[in-house]
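# Breakdown of the fold
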Amino acid sequence: HAKYLGRNGFHFYSQTLHRQSRSRFQLANLLQNALVRGELHLFYQPKVHLASNQICGVEALLRWFSPELGGVSPADFIPLAEDMGLIDQIGDWVLEAAVRQAKEWSEAGTPLNIAVNVSARQFQRGDVAVRVLSLLARYQLEPEWLSIELTETSFLHSPEKTRVAIEQLTAAGVKVAIDDFGTGYSSLSYIRTMSLHQLKVDISFIRHLAESERDRKLVEAIIAMAHALDLEVVAEGVEDAEQLRLLAEIGCDQAQGYQICRPAPPESLIEWLLQR
Ligand code: C2E
Ligand code: MG
Ligand code: MG
Ligand code: MG
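Every value quoted in this text rests on a predicted model; they were computed, and no experiment measured them.

Reading the values: rules and limits
- Position labels on residues start from 1 in each chain and follow its written sequence.
- Lettering of chains starts at A and numbering of ligands starts at 1, both following the order in which they are written.
- Reporting of local features is limited, given that this is a predicted model, to residues whose pLDDT is at least 70; pairs of side-chain atoms are given and counted only at 80 or more, and all residues count toward the totals for whole chains, interfaces and linings.
- Values reported for side chains reflect all heavy atoms of the structure, with hydrogen atoms and water molecules removed beforehand.
- Numbered from the N terminus, helices here are DSSP runs of H or I no shorter than four residues, and strands are runs of E no shorter than two.
- Computation of the radius of gyration draws on C-alpha atoms, with the globule rule given as 2.2 Å multiplied by the number of residues to the power 0.38.
- For each residue, the accessible area found with a 1.4 Å probe, counting protein chains only, is set against the maximum for its type, and the residue is called buried under 20%, exposed over 50%, and partly exposed in between.
- The contact rule is simple, with two residues in contact once any of their heavy atoms fall within 4.5 Å.
- Accessible areas in this description were obtained via Shrake-Rupley with a 1.4 Å probe; residue shielding takes into account the shown protein chains only.
- A positive count includes Lys and Arg, and a negative count includes Asp and Glu. His and the chain ends are not counted in either.
- A charged residue contributes its charge at one atom only: NZ of Lys, CZ of Arg, CG of Asp or CD of Glu.
- Only nitrogen, oxygen and sulfur atoms qualify as donors, and only when within 2.8 Å of the metal (3.2 Å in the case of Na, K and Ca); with water excluded, sites may look incomplete.
- It suffices for a single heavy atom of a residue to lie within 4 Å of a molecule or strand for the residue to be listed as near it.
- The term polar contact refers here to a pair of N or O atoms within 3.5 Å; inside protein, the definition further demands a hydrogen-donor-capable atom paired with an acceptor-capable atom, and it admits residues adjacent in sequence only when both atoms are side-chain atoms.
- Three categories are distinguished: nonpolar for Ala, Val, Leu, Ile, Met, Phe, Trp, Tyr, Cys and Pro, charged for Asp, Glu, Lys and Arg, and polar for the others, with Gly belonging to the last.

## Regarding the overall build of the protein
A tally of helices and strands in the protein yields 14 helices and 9 strands. Compactness check: the protein gives a C-alpha radius of gyration of 18 Å against a globular reference of 19 Å for 276 residues, within 12% of the reference. Considering the protein as a whole, with its 276 residues, one finds that 49% of them fall into the buried category. Counted over contacts in the protein with a minimum sequence separation of 6, partners at least 24 positions apart contribute 68%. In the form shown here, the protein has an accessible surface area of approximately 13,100 Å², with 50% of it arising from carbon and sulfur atoms. Between the averaged position of the 26 positive side-chain charges in the protein and that of its 35 negative side-chain charges there is a distance of 4 Å.

So this is what it looks like as structure tokens:
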């Protein structure tokens with residue numbers, strides 16, 4: 001895949017999409033075919049435990065390598081998939097691919113927890129948890145090797161279905177994380193009432209950590225609140241050593257970002273892990 005990756009991975013796609021004269025319908029068609037033609041892949045980005053420097057798991061990040069469009073970023077095609085009614089199909093594919101990969105790693109003696117992003121639209125359907133649990137059964141994967149990441153938007157759009165799904169997942173032993181924490185319509189009530197495992201603090205709070213005392217205080221406050229409620233805190237988008245040092249200093253549990261490792265295909269990730 002290296003030839004598609006570019007310096008920042010997927011920076012060129014948005015121009016590609018926007019310069020296109022293709023209609024959204026044509027794009028949706030290409031996306032639907034992408035699934036069939038095997039143009040979708042999962043990359044994996046590790047999360048590191050700051051106190052021990054151990055890898056605690058990886059996040060699965062969807063990649064679309066289109067012969068027509070080049071590398072297309074999920075930030076662009078996931079919203080399209082949601083609007084065009086393709087997200088359930090794609091989401092199912094992602095879940096199965098991640099469960100299959102987790103099983104493979106587990107059998108190879110290098111078990112790793114894989115976190116899968118599930119969009120608000122998928123929670124609207126009301127059977128996400130059931131689908132996840134039947135995949136675990138089908139692949140005979142221990143639930144501890146799977147996590148689900150959802151955003152605050154899910155609570156906004158379908159609070160009841162999301163709440164039920166989370167209860168079913170955590171009861172079965174699947175970990176649940178709130179992604180992009182702090183950027184959504186944060187009603188803290190879901191934190192009060194649900195059994196969650198992790199808060200992933202959005203990159204926007206991490207970006208200016210070194211320069212902004214205000215941001216540092218805010219992240220410290222999030223960590224204090226999370227720890228009081230037995231939640232782990234993961235910092236997203238850590239891009240330099242100073243951010244990493246500060247996060248360790250203020251007691252953040254885990255970090256993820258280019259400073260540690262970029263999202264990579266599974267073979268490269270394992271190579272990176274072994275060299276570490
Ligand atoms: P996310 O779940 O919050 O994922 C984190 C994003 O930050 C990823 O972008 C990742 O590549 C990027 N990132 C990681 N480290 C750094 C860093 O140090 N600096 C910066 N600037 N960025 C960093 P990506 O892969 O483009 O994904 C974007 C979003 O698309 C994800 O945000 C997630 O919301 C969504 N997404 C990705 N894969 C899936 C999927 O399989 N299903 C669904 N529903 N959504 C997905
Ligand atoms: Mg995520
Ligand atoms: Mg995020
Ligand atoms: Mg995000």
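Having put the structure on the table, let's press on.
## Notes on the coordination of the magnesium ion (ligand 3)
Looking at the magnesium ion (ligand 3), one finds its protein donor set to be Asp179 (OD), Asp180 (OD), Glu236 (OE) and Glu236 (OE), positioned 2.0 to 2.5 Å from the metal centre. Spacing between the donor residues of the magnesium ion (ligand 3) along the chain follows D-D-x55-E. A separation of 4.1 Å is found between the magnesium ion (ligand 3) and the magnesium ion (ligand 2), which share aspartate 179 as a coordinating residue. Within this pair, whereas aspartate 179 is found in strand β6 (residues 175–181), its partner glutamate 236 is found in the loop between β8 (232–235) and α13 (241–249), the two being separated by 57 residues in sequence. For the pair aspartate 179 and glutamate 236, one class covers both residues: buried.

## Some remarks on the site of ligand 1
Near ligand 1, the surroundings consist of 22 residues, among which Arg63, Asn117, Asp179, Glu239 and Tyr258 are the closest. In the environment of ligand 1, an oxygen atom lies 3.0 Å from a nitrogen or oxygen atom belonging to the side chain of aspartate 180. Expressed as a share of its isolated accessible area of 800 Å², the protein-covered part of ligand 1 is 81%. Secondary structure elements with two or more residues in the shell around ligand 1: β2 (54–66), α4 (74–83) and β6. Counting residues per element, the shell around ligand 1 draws most heavily on β2, which supplies 4 residues. For the shell around ligand 1, a count of residues per class yields 9 nonpolar, 7 polar and 6 charged.

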